[in-house]
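# Structure at a glance
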Amino acid sequence: MKQFRFHAVASVLLAAAMALTGCSGGGDAAKPSEPGRTPGGSQGGSTEQVTLSMHSWRVEDTEGYAKIIKAFEAENPNIKIDFKPFKATEYNTILNTALQSDSGPDILQLRPYAAGTALAEAGYLEPLDSLPGITNFPKDVLAGATGKDGKVYGVPLSLSTTQFYYNKKIFEQNGLKEPKSWDELIATAKTLKEKGIVPISFGAKEGWLLSLSHGVIAPASLKDGYIDKLMKGESDLKSPEFLKSVQRMQELIPYFPENYVGLELNDMRTLFATEKTAMFINGSFELEGIKKLNPDLQLDIFPMPTDDGKSVITTWVDGSYAVNAKSKHKQEALKFMEFMTTKKFAEMFANELKMISAMPGVPLQDPLLNKMAELSQSSSTPYLMIVHFSEGNPTTKKTLENSLQGMYLNKLTPEQVVDEVQKSAATWFAPFKK
C-alpha cells in the first residue's frame, strides 16, 4: 500500500456535494480597507462594535468554539463572533442558498477540495494568499483550500484520520485482541456476535458514512502499487481489488446492528458510547463526541489490517474556514482568519476539540489522538474517494455512496456497485478515457 502522509498531500478534489452548478462567478469582492481605516470601517480610532456571523457543519464543536471565540474576543473587544452550526447533512444546502441570495455568513466553514473550489470559482470567497500567518501551513496542506486559480481561499483546520474504534473492556472480557488480518477481524466479529454483543456500530442512512467506512475497509484488499496503476489508467474501479473491497463491505452485514439501514451517525455514536456495540468505524473527529457521551469509556483504536500483513490508517486534509467575499465586515473577518493561523488557535483547536491540527508541530494532550497522529505519519493511506475520485456530476464519491445504499437495500450486487462507480469515473477521469 502506498503511504500517504499528511504533509505530502497532493492537490486533489473532494466530493463536490456543494458544487454550485448554474451559479455565476458574480459578485465583485469588496476592496480592502483604505490605509488609516480601523477594522470597524471608519476613519481614526473608532471602537464601533461589529458582530460577525460564523457558520459550521460541526454542531458537536459548539462548546469548544465558545472557548476559542472568547479568547479571540478578549484580544479584539470590538469584534463579536456569532457561531452558528448546522447539521452536517443540511449544511451544504443552507450555505448554498444563503450565498446565492447574498445573505451568507461573514465566515464559513469550507468543505475541502472540490466544494471549496466551486465556491471560489463562483466568486463567493475572499482570497487569503496575503493573510498574515497563512504561510504557517505547508503548501500541500493548503491544497485542501486552494482553487484552480492557485489562490488560497481557506485557513486549514485539521488533518483527519479514519479507523476502527473499539471498546477495550469488551475485548478484554471476551479474550479478544486487535485483529491483524481480515480473517481475524471477521473471527473477532463472529465471537462477539455469538456472545450476544453487536460487533460493529454501523448505519446506512447517511451516504457519506458509507464512503467513509469504505475508505477504511478498502485498503485491506488494495495491493501495494494499485493506486499508482489506477492513477495511470492501468487499472480501473472494476478491478478484482476494488470489487473485493465492496464485497467486504457486504461481508460485514451480519455484524451490524439490527435495522442498520435506518441508522444515522447519532445512533451509531450512541450505540458505541453506551457500550451496546464493540467497534465503531469512524474518524478522528468523532473522538470528542464519543468521550462527551461516556467519559469513562475504555476506548482505543486500531488501523485497518491489510492482506499483505501490514496495517494502514486512512487520512486526508479536512476542512477550513473562509471569508465571504460579500461580507460587510470583511476586515474584521480577516482579523479572525489571521487569529486562526496562530499557534494559540491551533493548540486550542487541537485540545478543546480533540482533533489533529493542520498546523505542523502542535502538541496534542489526548493520548489516543496522539496515536492517530503518529500512525498518520508512519502507516497512512489516502481516503480514495476524496483524494482521487471526488469529481463528476454527481461525483464518483456520491455514486459510490448511493450504490452502497442500494447494495444494503438488496437492490444492487457488489458487481453492479463497481459498474456504477466505474461509469461515473469514466465521465471525467482522464486516465479512464484512454
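Use the structure listed above.
This text gives an overview of the structure that appears in the document.

Looking now at the nonpolar core. With 120 residues, the main nonpolar core has Tyr65, Phe164, Met279, Phe336, Met337, Phe389 and Tyr408 as its most contacted residues. If sequence neighbours within four positions are ignored, Tyr408 has contacts with Phe202, Ala204, Leu210, Met249, Gln250, Ile253, Phe256, Tyr260 and Val261. Phe86, Leu99, Ala122 and Ala322 belong to the second largest nonpolar core, which has 14 residues in total.

The next subject is unusual backbone geometry. The omega torsion of the bond from Asn393 to Pro394 falls at 0 degrees, within 30 degrees of zero and hence cis. Turning to its location among the elements, Pro394 is positioned in the loop between α15 (384-387) and α16 (396-408). Residue Asn259 is not a glycine yet carries a positive backbone phi of 60 degrees. Along the chain, Asn259 turns up in the loop between α9 (240-251) and α10 (265-273). On the accessibility criterion, Asn259 (58% relative accessible area) is exposed. A positive phi angle is found at Lys354, which is not glycine, with a value near 55 degrees. Summarising the element assignment, Lys354 is placed in the loop between α13 (343-352) and α14 (367-378).

Taking 1.5 Å of rise per residue, the 13 residues of α16 would be expected to cover 18 Å, and the 18 Å separating its terminal C-alpha atoms lies within 8% of that figure. Every buried residue of α16 is accounted for by Thr396, Lys397, Thr399, Leu400, Glu401, Ser403, Leu404, Gly406, Met407 and Tyr408. Of the surrounding secondary structure, the elements contacted by the buried residues of α16 are α7 (207-217), α9, α15 and α17 (414-426).

A separate point is the side chain of Ser239. Turning to its location among the elements, Ser239 is positioned in the loop between α8 (226-232) and α9. Of note is the side chain of Ser239, whose polar atom sits 3.1 Å from the backbone oxygen of Asp236.

Glancing now at the packing of aromatic side chains. In total, this model carries 26 aromatic pairs according to the counting rule given. Centroid distance Trp316 to Tyr383: 4.9 Å. Interplanar angle 70 degrees. Geometry classified as edge-to-face. With Trp316 in strand β9 (residues 311-323) and Tyr383 in the loop between β10 (380-382) and α15, the pair connects residues that are 67 residues apart, well separated along the chain. Take Trp316 and Tyr383: they sit in the same class, and that class is buried. Pairwise contacts between aromatic rings join Phe72, Phe336, Phe339, Phe345 and Phe349 into one cluster. Positioned over the ring face of Trp57 is Arg111, at 4.0 Å from the centre of the ring.

For any two helices packed against each other, the geometry is given by the interaxial angle and the distance between the axes. Running from amino to carboxyl end, α16 crosses α17 at an angle of 165 degrees, the nearest separation of the two axes being 9 Å. One element, α16, and the other, α17, form an angle in the roughly antiparallel class. Judged by the twist between their axes, the crossing of α16 over α17 is right-handed. Taken together, the residues of α17 that come into contact with α16 (itself represented by Thr396, Thr399, Leu400, Ser403, Leu404 and Met407) are Pro414, Val417, Glu420, Val421, Ser424 and Ala425. Tallied by class, residues from the contact of α16 with α17 come to seven nonpolar, four polar and one charged.

The rules we used
- Residues numbered from 1 in each chain as written.
- Predicted model: local features only at pLDDT ≥ 70, side-chain atom pairs only at ≥ 80, totals over all residues.
- Heavy atoms only, no water.
- Core = buried A, V, L, I, M, F, W, Y, C linked by side-chain atoms within 4.5 Å.
- Buried < 20%, exposed > 50% of the residue type's maximum accessible area, 1.4 Å probe, protein only.
- Contact = heavy atoms within 4.5 Å.
- Helix = DSSP H or I, 4+ residues; strand = E, 2+ residues; numbered from the N terminus.
- Expected span 1.5 Å × (residues − 1).
- Polar contact = N/O pair within 3.5 Å; in protein donor to acceptor, adjacent residues only side chain to side chain.
- Phe/Tyr/Trp six-rings, centres within 6.5 Å; stacked < 30°, edge-to-face > 60°.
- Lys NZ or Arg CZ within 6 Å of the ring centre and 35° of its normal.
- Axes fitted to C-alpha atoms, helices over the stretch in contact; angles between N-to-C directions.
- Parallel < 35°, antiparallel > 145°, perpendicular 65-115°, else oblique.
- Left-handed = near helix turned anticlockwise from the far one by under 90°.
- Nonpolar A, V, L, I, M, F, W, Y, C, P; charged D, E, K, R; others polar.

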